[in-house]
Protein chains: 2
Amino acid sequence: MNTHEFRTHAHELADWMADYLERVGEYPVTPPVRPGDIKKQLPVAAPENPESFASIFQDFREVILPGMTHWQHPGFFAYFPANNSEPSILAEMLTATLGAQCMVWLSSPAAEELEERMMEWLRDMLGLPGPFTGVIQDTASSSTLVAILTAREHRSGYEINRRGFGPADRFRVYTSTQGHSSIDKDVKIAGIGIENLVKVEVDETFAMIPSRLEMAIQEDITEGFVPLCVISTIGTTSSTAIDPIGEISRICRKYSVWHHVDASYAGTALILPEIRWMSDGVEGADSFVFNPHKWMFTNFDCSAYFVKDKQALINTFSILPEYLKTPEDKLVNNYRDWGIPLGRRFRALKLWFVIRTYGISGLQEKIRSHIQYGQWLKQEMHNTPGVELMAPVPLNLVCFRFNSNKQTTEKEVDATNARILEALNRSGKVFLTQTKLNHKVVLRFVAGQTHTSLEDIQNGWRFIYETGRSMCNEQ
Amino acid sequence: MNTHEFRTHAHELADWMADYLERVGEYPVTPPVRPGDIKKQLPVAAPENPESFASIFQDFREVILPGMTHWQHPGFFAYFPANNSEPSILAEMLTATLGAQCMVWLSSPAAEELEERMMEWLRDMLGLPGPFTGVIQDTASSSTLVAILTAREHRSGYEINRRGFGPADRFRVYTSTQGHSSIDKDVKIAGIGIENLVKVEVDETFAMIPSRLEMAIQEDITEGFVPLCVISTIGTTSSTAIDPIGEISRICRKYSVWHHVDASYAGTALILPEIRWMSDGVEGADSFVFNPHKWMFTNFDCSAYFVKDKQALINTFSILPEYLKTPEDKLVNNYRDWGIPLGRRFRALKLWFVIRTYGISGLQEKIRSHIQYGQWLKQEMHNTPGVELMAPVPLNLVCFRFNSNKQTTEKEVDATNARILEALNRSGKVFLTQTKLNHKVVLRFVAGQTHTSLEDIQNGWRFIYETGRSMCNEQ
């Protein structure tokens, strides 16, 4: 394909892309396919000879698209969103075209400096403290791993990096029972072991109970463990519970424990002054992560990781082989030393496009409306007989279940709700995911799509309610 | 920005993108900027109110672009390429628009199944053994970390994941003195410690000496260490040296050591039957990585990781919280359990577009031509007085230095070559990077850009030679 043909096809795609964004609601939100349905349509071997773009693009539309879950669909209320926006897509077009590697300053000077500036913008927009320095990681899983590894090395005097674990390195890591599953994964990767991840009890709002954290730390010290790191959460995945950051910070400082704040979803809401209470005391934390790729209209992947002691981060990850030395090494940020992978995409560009296109006020307006939808849903469910709210709704995630009087045992209620979820997700109209809270099956409804309107939320809820009610009545 | 405006801007960008690809050679390959030059042009605070796309795009062209290193420039001979292609960019446009998350089958069924198929295509195109199963990771740094962690867990019976390191887990990892710096980083992250990374001596071609590897393993066993993993390299970063994979595999099997093959750059060349000798014996290896994002015309990031014992990989990384359970879990690949991050981009699409657009024959033709350019350069340098080849040239990376008779000490030769490199890279015409081989400063010339022609290579070499010669004469 030469650049002349590329120009033609890029214009074709520009129209298709705009059409897709206009019509995404017309697709089934999850596809009516079974495992293997797509793969069997794909030849088992790569083609020997070139194929035309027309046939490739046709297969994209006819084979791939009917097998996609449409994450930007107005009926997508599942997981947390990985929301997207027009300026973010435009930036990704440029990023793909430049094809630049952003591992060291010299390999992409403007990308490195734009990343510095964007992380300062984000820090200030969220009201994070000035000493925090930011860097873009791929996901919150990686950001939290980076935090745990930095804590590990900082605590060991960078000795585990040098000699591996020794008998004295009996670390303990703490999070609430609602902490994200990536923390489990991260303590394994870091060599600490899942048995040394202490899940601290939560209160009735599913927030960590600080006194229980302190008790666990004290017990561990008595037993000869080294309390290493606490991971608190602003907006847990199950129910957007909000841990008391300030109290946890105070405990961490008292016992010299690293405090990492996982705000991967809800962090975006900190751009609203009226929501800033969620992060009270964050100045006592050591590191903080939130994902613009979840709720800030920025294409996946883009995880914003902030750390107070930048040098501890760099000491943990720095490598300097001969072939990566540059004359500017002492003057610049070489982000290869700020995380796990050496190679890095130019991800700051989309942040710049998104923040400037919306402006802070535009971002605030959208986030505010999403929270209002969440509160509308909460009120609506509260007023609806047979529907039970299962957790507080501080933001825009509503946890609920159907529970009409006919059912008696919890097991039956669980089974009914699981069946309702399955039916909903087979409909192609809405997509929700489940969790468990207090051992009960709970449905999650997240109102955080970029272009979602109150009408979308109302239509979604009406369909969910009617489906659920009729299935309850069939019992 | 609404979709109507998006359509207009996407068309504007389509033209700009095609123009850029046509004219990339007109930019200075590295920009004439100093640290801080770009950042000071960027406002210290995010804008309160929305800005127009026109002004954002103008700033992109006037502030960002003049500060970029142009990785697709015909004078880019540095590092290894992160090459790109028209079909890959087109696929990235679609990926960005769909904004899909590919963490589990249900979250993007077609993406998961296309990834399965693409990894089968790549496995077969490279002649890798049938039992190898593939998954896309972001970079080779991460792929090799995944390999080391899988080796660690497989060896410990998944006990380190459970309880952390114990006193018996005194692991040793092996690579050659030419192994990539990410291996250093990875053994640190995995908790093994850099002191337990054994750098095995190389022969005069910079390839690992298997007998030295076996000696090191035996010594370590005697001293009570547990030999865990050998990382051999097909195409080292310094000089594309090729370790003897078959012999290393035999040693690994003898001592029950995991054998991971890092072919991150040179792996692409295995699509040429006449180059397949490089991987002789790979069927004895446990895992293998190569990066289509380096030399296979596929946008960064896209690292293809293959493992023989798929279940060992999954056992190492699997997590299954309530909110990620899906009805299909037993029937499908949930790639969140195949690596570090939970969230995953839809990266299989660009592989599909690239492989089909070129066809195997088209890819082979390009790779063959790049190798021919490397061989042309080698011959040319060999015939040029005052230029010294510093390593064998099996592929398309040529390691050389200027060494006219006037200089006497090695230190002076090093200093001259460092000055020449600086002058070349200040020119904006070519971009090269350095390494050290046998403690000597060496310049690296990689001929692997997607659209590079023999003429580009000849022009590049002429400019390099004239600059170097005149600087040597000035001594």
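Rules behind the numbers
- Residues numbered from 1 in each chain as written.
- Chains lettered and ligands numbered in written order.
- Predicted model: local features only at pLDDT ≥ 70, side-chain atom pairs only at ≥ 80, totals over all residues.
- Helix = DSSP H or I, 4+ residues; strand = E, 2+ residues; numbered from the N terminus.
- Buried ≥ 20, exposed ≤ 12 C-beta atoms within 10 Å, placed from the backbone.
- Contact = placed C-beta atoms within 7 Å.
- Least-squares fit on C-alpha atoms with pLDDT ≥ 70 in both.
- Pairing = 2+ DSSP bridges.
- Axes fitted to C-alpha atoms, helices over the stretch in contact; angles between N-to-C directions.
- Expected span 1.5 Å × (residues − 1).
- Parallel < 35°, antiparallel > 145°, perpendicular 65-115°, else oblique.
- Nonpolar A, V, L, I, M, F, W, Y, C, P; charged D, E, K, R; others polar.
- Core = buried A, V, L, I, M, F, W, Y, C linked by C-beta atoms within 7 Å.
- Left-handed = near helix turned anticlockwise from the far one by under 90°.
- pLDDT = per-residue confidence, 0-100.

(A) The overall build of chain A, seen in detail. Broken down by element type, chain A carries 14 helices and 11 strands. Viewed in the frame of its principal axes, chain A has a C-alpha envelope of about 65 × 60 × 45 Å. In chain A, which comprises 475 residues, the share counted as buried stands at 60%. A separation threshold of at least 6 residues defines the contact pool for chain A, and within that pool the share at least 24 residues apart is 73%.

(B) Layout of the relation of the copies chain A and chain B. Once turned by 180 degrees and shifted 0.0 Å along the axis, chain A lies on chain B with an RMSD of 0.0 Å. The superposition operator between the copies reduces to a two-fold rotation axis. Of all interface residues in chain A, 100% are interface residues in chain B too; the two copies therefore contact each other through one and the same surface.

(C) Fine view of the sheet that holds strand 8 (residues 387-389) of chain B. All names here are of chain B. Pairing within the open sheet is antiparallel, and its four strands lie in the order 8-9-11-10. One side of each edge strand has no neighbouring strand; the edge strands of this open sheet are strand 8 and strand 10 (433-437). Each strand axis lies, on average, 45 degrees off the axis of its neighbour in the sheet, ignoring direction. Both strand 10 and strand 11 (residues 440-446) contribute to a ladder of five bridges, which runs antiparallel. Within strand 11, the residue paired with Thr-435 across the bridge is Val-442. Together, strand 9 (397-402), strand 10 and strand 11 form the strand contacts of helix 13 (residues 410-426), whose direction differs from that of strand 11 by roughly 35 degrees.

(D) Representation of helix 1 (residues 3-23) of chain A. A rise of 1.5 Å per residue sets the reference length of helix 1 of chain A, with its 21 residues, at 30 Å; its end C-alpha atoms lie 29 Å apart and thus fit the reference within 8%. Looking at helix 1 of chain A, one finds that the buried residues are Phe-6, His-9, Ala-10, Leu-13, Ala-14, Met-17, Ala-18, Tyr-20 and Leu-21 of chain A. Buried-residue contacts for helix 1 of chain A involve helix 2 (53-64) and helix 3 (86-98) of chain A together with helix 1 (3-23) and helix 3 (86-98) of chain B.

(E) Quick look at the sheet that holds strand 4 (residues 226-233) of chain B. Residues and elements named next belong to chain B. Read across the sheet, seven strands follow the order 1-7-6-5-4-2-3 without closing on themselves; strand pairing throughout is mixed. Each end of this open sheet is capped by a strand with a single partner; those strands are strand 1 (133-137) and strand 3 (197-200). Adjacent strand axes in the sheet meet at a mean angle of 20 degrees when their direction is disregarded. Bridging between strand 2 (residues 171-176) and strand 4 involves five bridges; their strand directions are parallel. Across the sheet, residue Arg-172 finds its bridge partner in strand 4, namely Pro-227. Of the strands in this sheet, strand 1 and strand 7 (303-307) touch helix 4 (residues 109-125), which is tilted by about 110 degrees from strand 1.

(F) Quick peek at the packing of helix 5 (residues 140-155) of chain B against helix 11 (residues 310-317) of chain B. Residue and element names in this part refer to chain B. One way to put it is that helix 5 packs onto helix 11 with a least axis distance of 9 Å and a crossing angle of 90 degrees. Considering their axes alone, helix 5 and helix 11 lie roughly perpendicular with respect to each other. Residues Leu-149, Thr-150, Glu-153 and His-154 of helix 5 form the contact with helix 11, whose own contacting residues are Ala-312, Leu-313, Asn-315 and Thr-316. Here the residues of the contact of helix 5 with helix 11 are counted per class, giving three nonpolar, four polar and one charged.

(G) Focus on the nonpolar core. Counting 315 residues, the largest nonpolar core has Val-173 of chain A together with Val-173 of chain B as its most contacted members. Apart from the residues lying within four places of it in its own chain, the contact partners of Val-173 of chain A are Ile-148, Val-187, Ile-192, Asn-196, Leu-197, Leu-228, Cys-229 and Ile-231 of chain A.

(H) Region of interest: the interface of chain A and chain B. On the side of chain B, 127 residues touch chain A, which itself brings 127 residues to the contact. Tallying contributions element by element places helix 1 of chain A first for the side of chain A that touches chain B, with 14 residues.

(I) Quick peek at unusual backbone geometry. Residues and elements named next belong to chain A. The omega torsion of the bond from Phe-300 to Asp-301 falls at 5 degrees, within 30 degrees of zero and hence cis. Along the polypeptide, Asp-301 turns up in the loop between helix 10 (292-295) and strand 7 (303-307). In this structure, Phe-206 is a non-glycine residue whose phi angle is positive, near 70 degrees. Along the polypeptide, Phe-206 turns up in the loop between strand 3 (197-200) and helix 8 (210-222).

(J) Representation of the packing of helix 5 of chain B against helix 7 (residues 181-189) of chain B. All names here are of chain B. Axis separation between helix 5 and helix 7 bottoms out at 9 Å; the angle between their running directions is 45 degrees. Considered as vectors, helix 5 and helix 7 are oriented oblique to each other. Handedness of the crossing formed by helix 5 with helix 7: right-handed. Contact with helix 5, carried on its side by Ala-140, Ser-141, Thr-144, Leu-145 and Ile-148, involves Ser-182, Ile-183, Lys-185, Asp-186, Val-187 and Ile-189 of helix 7 and no other residues of that element. Its residues assigned to classes, the contact of helix 5 with helix 7 comprises six nonpolar, three polar and two charged.

(K) Geometry of helix 7 of chain B. Residues and elements named next belong to chain B. Most of helix 7 sits inside the fold, with seven of its nine residues counted as buried. Looking at helix 7, one finds that the buried residues are Ser-182, Ile-183, Lys-185, Asp-186, Val-187, Lys-188 and Ile-189. Taken from the residues just after helix 7, Gly-191 is the one with a positive phi, measuring 85 degrees.

(L) Highlighting the pairing of strand 10 of chain B. Most of strand 10 of chain B is tucked away, with four of its five residues classed as buried. Where strand 10 of chain B hands over to strand 11 of chain B, the hairpin turn is made up of two residues, of which Asn-438 of chain B adopts a positive phi near 50 degrees.

(M) A look at the environment of Ile-209 of chain B. Residues and elements named next belong to chain B. Mapped onto the secondary structure, Ile-209 falls in the loop between strand 3 and helix 8 (210-222). Along the chain, Ile-209 and Ile-248 lie 39 residues apart, while their C-alpha atoms are 9.0 Å from each other. Among residues more than four places away in sequence, those in contact with Ile-209 are Val-200, Glu-201, Val-202 and Asp-203.

(N) Up close: the environment of Ala-82 of chain A. Mapped onto the secondary structure, Ala-82 of chain A falls in the loop between helix 2 and helix 3. Leaving out residues up to four positions away in the same chain, Ala-82 of chain A has contacts with Trp-71, His-293, Lys-294 and Phe-300 of chain A together with Gly-99 and Gln-101 of chain B.

(O) Expanded view of the pairing of strand 7 of chain B. Residue and element names in this part refer to chain B. Of all five residues that make up strand 7, five are buried, and the element is covered over most of its length. Of the two faces of strand 7, the one holding Ser-303, Tyr-305 and Val-307 and the one holding Ala-304 and Phe-306 are both buried throughout. Sheet topology note: the strand 1/strand 7 ladder contains five bridges and is antiparallel. Each residue of the ladder has a partner; that of Ile-136, found in strand 7, is Ala-304.

(P) A look at the confidence of the model for chain A. Averaged over all residues, the pLDDT of chain A is 96; the fraction at 70 or higher stands at 99%. Scored by ipTM, the complex comes to 0.97, with pTM at 0.97.

(Q) Focus on the environment of Cys-472 of chain B. Residues and elements named next belong to chain B. Inspection of the secondary structure assignment puts Cys-472 in helix 14 (residues 454-474). Owing to 21 C-beta atoms within 10 Å, Cys-472 belongs among the buried residues under this scheme. C-alpha of Cys-472 to C-alpha of Ser-404: the two residues are 68 residues apart in sequence and 6.9 Å apart in space. When neighbours within four sequence positions are excluded, Cys-472 is seen to be in contact with Gly-386, Phe-402, Ser-404 and Thr-416.

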